[in-house]
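Chain by chain, the residues:
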Amino acid sequence: MKNEYYKNITVYKKWKATFKNINYICHGIIEKIYKWDDMSDITRDCKIDNKYYMDNIAFINVKKAPGSARAQGNLVRDSYNNHKELLLKQIDTINPDIIFNGSGIHNIMSDVLPNGTLNTDDFYFHFTFDNNRLFINTFTQCKLRKNMMCMLTRT
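The text that follows walks through the structure, step by step, so that each part is easy to find.

Cut-offs used in this document
- Residues numbered from 1 in each chain as written.
- Predicted model: local features only at pLDDT ≥ 70, side-chain atom pairs only at ≥ 80, totals over all residues.
- Heavy atoms only, no water.
- Helix = DSSP H or I, 4+ residues; strand = E, 2+ residues; numbered from the N terminus.
- Buried < 20%, exposed > 50% of the residue type's maximum accessible area, 1.4 Å probe, protein only.
- Contact = heavy atoms within 4.5 Å.
- Areas by Shrake-Rupley, 256 points an atom, 1.4 Å probe, with all protein chains shown as cover.
- Expected span 1.5 Å × (residues − 1).
- Bend = angle between axes of the 7 residues up to and from the residue.
- Salt bridge = Lys/Arg side-chain N within 4 Å of Asp/Glu carboxyl O.
- Core = buried A, V, L, I, M, F, W, Y, C linked by side-chain atoms within 4.5 Å.
- Polar contact = N/O pair within 3.5 Å; in protein donor to acceptor, adjacent residues only side chain to side chain.

Okay, the overall build of the protein next. Helices and strands together make up the secondary structure of the protein, namely 4 helices and 6 strands. Along the protein, helices (α) and strands (β) appear in the sequence α-α-β-α-β-α-β-β-β-β when read from the amino end. Within the span of the protein, comprising 155 residues, buried residues form 37% of the whole. Look at the contacts in the protein between residues 6 or more apart in sequence, and 62% of them connect residues 24 or more apart. Just so you have it, the protein exposes about 9900 Å², and 48% of that area is on carbon and sulfur atoms.

See below:
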């Protein structure tokens, strides 16, 4: 079952609650479609316009400890501080083009892209970028799980 889950998230009965919005966001970025109304609906097999966007996504749990689906901010922050080197190594190994930070720990952005150009004024979320990556700090707009980061890489 575990290997099936990673190959096809639809075997997880509640996949839409977790991954639907993430798929739409990734679809919009990859296909340069910026309005929800211009996007096709997601299918039961987790595809938009017949493409499976989950192949472009990696998730890293910031809270490196067991627990429930929701994590308290102070536990996530403590875990980040205690395991920062491991998390940064995971990000470096995956080498994503786009990172969505849904952890609520905003200093991850400056740790990953210390020389990035920060934008905090023009949008509902903070983001930074350099020549290689875009890093977005958000958890309410994307509805990402509070203790996760989503990374998007090109196909």
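Next comes the rest of the write-up.
Turning our attention to helix α3 (residues 73–94). Because the α-helix completes a turn every 3.6 residues, residues three or four places apart line up on one side. Relative to the 32 Å expected for 22 residues at 1.5 Å per residue, α3 spans just 25 Å between its end C-alpha atoms, considerably shorter than the ideal helical length. Where α3 bends most, at H83, the angle is about 80°. Within the span of α3, buried status applies to V76, S79, Y80, L87 and I91. A positive phi of about 55° marks N95, the residue just after α3.

Glancing now at the pattern of salt bridges. All chains considered together, the criterion is met by 1 salt bridge. Residues D111 and K84 are paired through a salt bridge, measuring 3.5 Å at the closest nitrogen-oxygen approach. Taken as a pair, D111 in helix α4 (residues 107–112) and K84 in helix α3 lie far apart in primary sequence, 27 residues in all.

What follows is about the nonpolar core. Formed by 15 residues in total, the largest nonpolar core has its most connected members in I9, W15, F19, I42, C46 and M54. Per-element accounting of this core gives the leading share, 5 residues, to helix α2 (residues 15–31). Counting 13 residues, the second largest nonpolar core, distinct from the first, contains V62, I91, I105 and M109.

Here we come to the side chain of N23. Checked against the element boundaries, N23 lands in helix α2. On the accessibility criterion, N23 (0% relative accessible area) is buried. Looking at N23, its side chain comes within polar contact range of the main-chain oxygen of F19, at 2.8 Å. Residues in contact with N23, not counting those within four places in the same chain, are I42, C46, I48, Y53 and M54.

This paragraph deals with unusual backbone geometry. Its identity as a non-glycine residue notwithstanding, K32 has a phi of 60°, on the positive side. Assignment of secondary structure puts K32 in the loop between α2 and β1 (57–61).

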